[in-house]
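Overview (structure and organization)
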Amino acid sequence: MATDPDDGPDDGPDDGPDDDYGGTFGDVYDDWYSLDFDDGATAVEVLARYGRDGDALELGVGTGRIAIPLAARGVAVHGVDTSPDMLRRLRAKPGAELVRTELADMADCDLGRRFALVYSVFNSLFCVPDQRRQTACFAVAARHLAGPGGRFVVDHQIPDAVGSGSSVRHLHTGPDRFRFSLVHCDPVSQIMERQTMVVENGGVTPYRSVIRYLWPSEMDLMAAAAGLTLEDRWPGWRGGTVRPDTRRCVSVYRPVAPGTP
Ligand SMILES: C[S@@+](CC[C@H](N)C(=O)[O-])C[C@H]1O[C@@H](n2cnc3c(N)ncnc32)[C@H](O)[C@@H]1O
């Protein structure tokens, strides 16, 4: 995901354990991560183009940050999430009636129908901190695509500074709040544990998170195992060419044509 232009280096949403994301971040999520945070308005435009010929399915729909404006563009959006808290917050928002939600695991669900667009944005795939289950997410996406015209769009950060050991990262300094993270990274398992500390009103609130980051090349392999192949890759929603210093990646996968190796 994008680096916050105001807040200095940030790995993006502080992705919590996949079974308790909302319990950890629900209260602060919409405050920390607006649609503007990661060029979400452009994400909605791009996703609307892919979804215009049919319905869309978001894996890890959260509070509907992207799903609700996408549905307002006329795409029938469905969303799955394992956090009842995040889904409850989605349903409380104006426009939520346009989004169908299901409490379901993106690594193991079958909605029994197919979509023109399946998408996972803002590092949601990283919130499934297990390689086997991340691979299963690609199979779930492929299973829900409506034939050869269907597309799976994945948006995620490319982490920098993933050396082993611990580090401290500054995230935000504002007039009344300071936010930083203590990060512990294991480059072998690609598991990153983080304690985000919010210093506010003289108190400190910790938010613990665990993610497994993915490299684009590993994602391509997971996609191939699911019968998908890379069609496009950009360093953000506005397009362009991915370069060695690219810190964000939007990848578009399509089903492999029958008979193609
Ligand atoms: C970083 S948030 C992104 C939310 C939303 N996509 C957005 O752009 O704001 C990741 C979301 O993935 C959800 N999540 C984590 N593990 C999941 C899983 N195994 N299946 C479905 N959702 C999951 C979390 O509950 C959380 O709502």
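Residues numbered from 1 in each chain as written. Predicted model: local features only at pLDDT ≥ 70, side-chain atom pairs only at ≥ 80, totals over all residues. Heavy atoms only, no water.

**Quick notes on the domain arrangement of the protein chain**
What the domain assignment reports for the protein chain is domain 1 (21–159 + 213–255) and domain 2 (165–212). For domain 1 and domain 2, the distance between their C-alpha centroids amounts to 24 Å. When the two sides are added together, the surface that domain 1 and domain 2 hide from each other amounts to roughly 1,300 Å², 56% of it contributed by carbon and sulfur. Considering only the side of domain 1, the residues that lose the most area to domain 2 are Trp32, Pro129 and Tyr213, jointly responsible for 53% of the buried surface there. Along the contact surface separating domain 1 from domain 2 lie two salt bridges. One salt bridge connects Glu218 with Arg212, and the closest N-O pair in it is separated by 2.9 Å. Taken together, the links from domain 1 to domain 2 amount to six residue pairs in polar contact (both at pLDDT 80 or more). (Domains from an automatic or database assignment. Buried area = accessible area lost by both parts, 1.4 Å probe. Salt bridge = Lys/Arg side-chain N within 4 Å of Asp/Glu carboxyl O. Polar contact = N/O pair within 3.5 Å; in protein donor to acceptor, adjacent residues only side chain to side chain.)

**Brief notes about the sheet that holds strand β6 (residues 165–173)**
Taking strand neighbours across the sheet as the criterion, the four strands line up as β6-β7-β8-β9 in an open arrangement whose pairing is antiparallel. Every interior strand has two partners, whereas the edge strands, β6 and β9 (203–212), have only one. With strand direction ignored, the average angle separating the axes of adjacent strands in the sheet is 20 degrees. Summarising the sheet, β6 and strand β7 (residues 177–186) pair through eight bridges and their orientation is antiparallel. Pairing of Thr173 across the sheet is with Phe178, part of β7. On top of the sheet, helix α1 (residues 21–32) reaches β7, β8 (191–200) and β9; it is set at about 95 degrees to β9, its chief contact. (Pairing = 2+ DSSP bridges. Helix = DSSP H or I, 4+ residues; strand = E, 2+ residues; numbered from the N terminus. Axes fitted to C-alpha atoms, helices over the stretch in contact; angles between N-to-C directions. Contact = heavy atoms within 4.5 Å.)

**A closer look at the UniProt feature "domain: Methyltransferase" (unreviewed entry) in the protein chain**
UniProt feature "domain: Methyltransferase" (unreviewed entry): in the numbering of this structure it lies at residues 57–146. This span, residues 57–146, is 30% helix and 19% strand, and a straight line between its end C-alpha atoms measures 11 Å. (UniProt positions renumbered as here; feature names shortened; annotations may be inferred.)

**Overview of the packing of aromatic side chains**
Enumeration according to the criterion identifies 15 aromatic pairs in this entry. An angle of 65 degrees between the planes, with centres 6.0 Å apart, marks the rings of Tyr21 and Tyr29 as edge-to-face. Using a relative accessible area of 9% as the deciding quantity, one classes Tyr29 as buried. Here Tyr33 and Phe37 contribute two aromatic rings whose centre-to-centre distance is 5.0 Å and whose plane-to-plane angle is 80 degrees, an arrangement assigned as edge-to-face. A connected cluster of aromatic rings, assembled from ring pairs, spans Tyr21, Phe25, Tyr29, Trp32, Tyr33, Phe37, Phe122 and Tyr207. If you follow Arg179 out to its NZ or CZ, it ends over the ring of Trp32, 4.1 Å from the centre. (Phe/Tyr/Trp six-rings, centres within 6.5 Å; stacked < 30°, edge-to-face > 60°. Buried < 20%, exposed > 50% of the residue type's maximum accessible area, 1.4 Å probe, protein only. Lys NZ or Arg CZ within 6 Å of the ring centre and 35° of its normal.)

**Structural notes on the pattern of salt bridges**
Under the defined criterion, the tally for this structure stands at 17 salt bridges. Close ionic contact of Asp55 with Arg113 constitutes a salt bridge, the shortest N to O distance being 2.6 Å. Taken as a pair, Asp55 in the loop between α2 (40–51) and β1 (56–59) and Arg113 in the loop between β3 (99–103) and β4 (117–120) lie far apart in primary sequence, 58 residues in all. One salt bridge in this structure joins Arg88 and Asp85, with 2.9 Å as the shortest N-O distance. Taken together, the residues Arg88 and Asp85, both in helix α4 (residues 84–91) and three residues apart, mark about one turn of the helix. Residue classification places Arg88 among the partly exposed positions, given a relative accessible area of 48%. The exposure class of Asp85 is buried, given its relative accessible area of 18%.

**What about the sheet that holds strand β5 (residues 151–157)?**
In spatial order, the strands read β3-β2-β1-β4-β5-β11-β10; together these seven strands make up an open sheet with mixed pairing. Of all the strands in the sheet, the pair left with one neighbour each is β3 and β10 (228–234). Each strand axis lies, on average, 20 degrees off the axis of its neighbour in the sheet, ignoring direction. Contacts between α4 and the sheet are confined to β2 (77–81) and β3, with β3 contributing the most and set at about 165 degrees to the helix.

**So, a nonpolar patch on the surface**
A cluster of nonpolar side chains, namely Phe178, Val199 and Val204, defines an oily patch on the protein surface of about 220 Å² accessible area. Tracing the backbone through its elements, the reader meets Val199 in strand β8. In this structure Val199 comes out as partly exposed when scored by relative accessible area, which is 30%. (Patch = residues over 30% accessible without salt bridge, like charges linked within 9 Å, V, L, I, M, F, W, Y side chains within 5 Å. Areas by Shrake-Rupley, 256 points an atom, 1.4 Å probe, with all protein chains shown as cover.)

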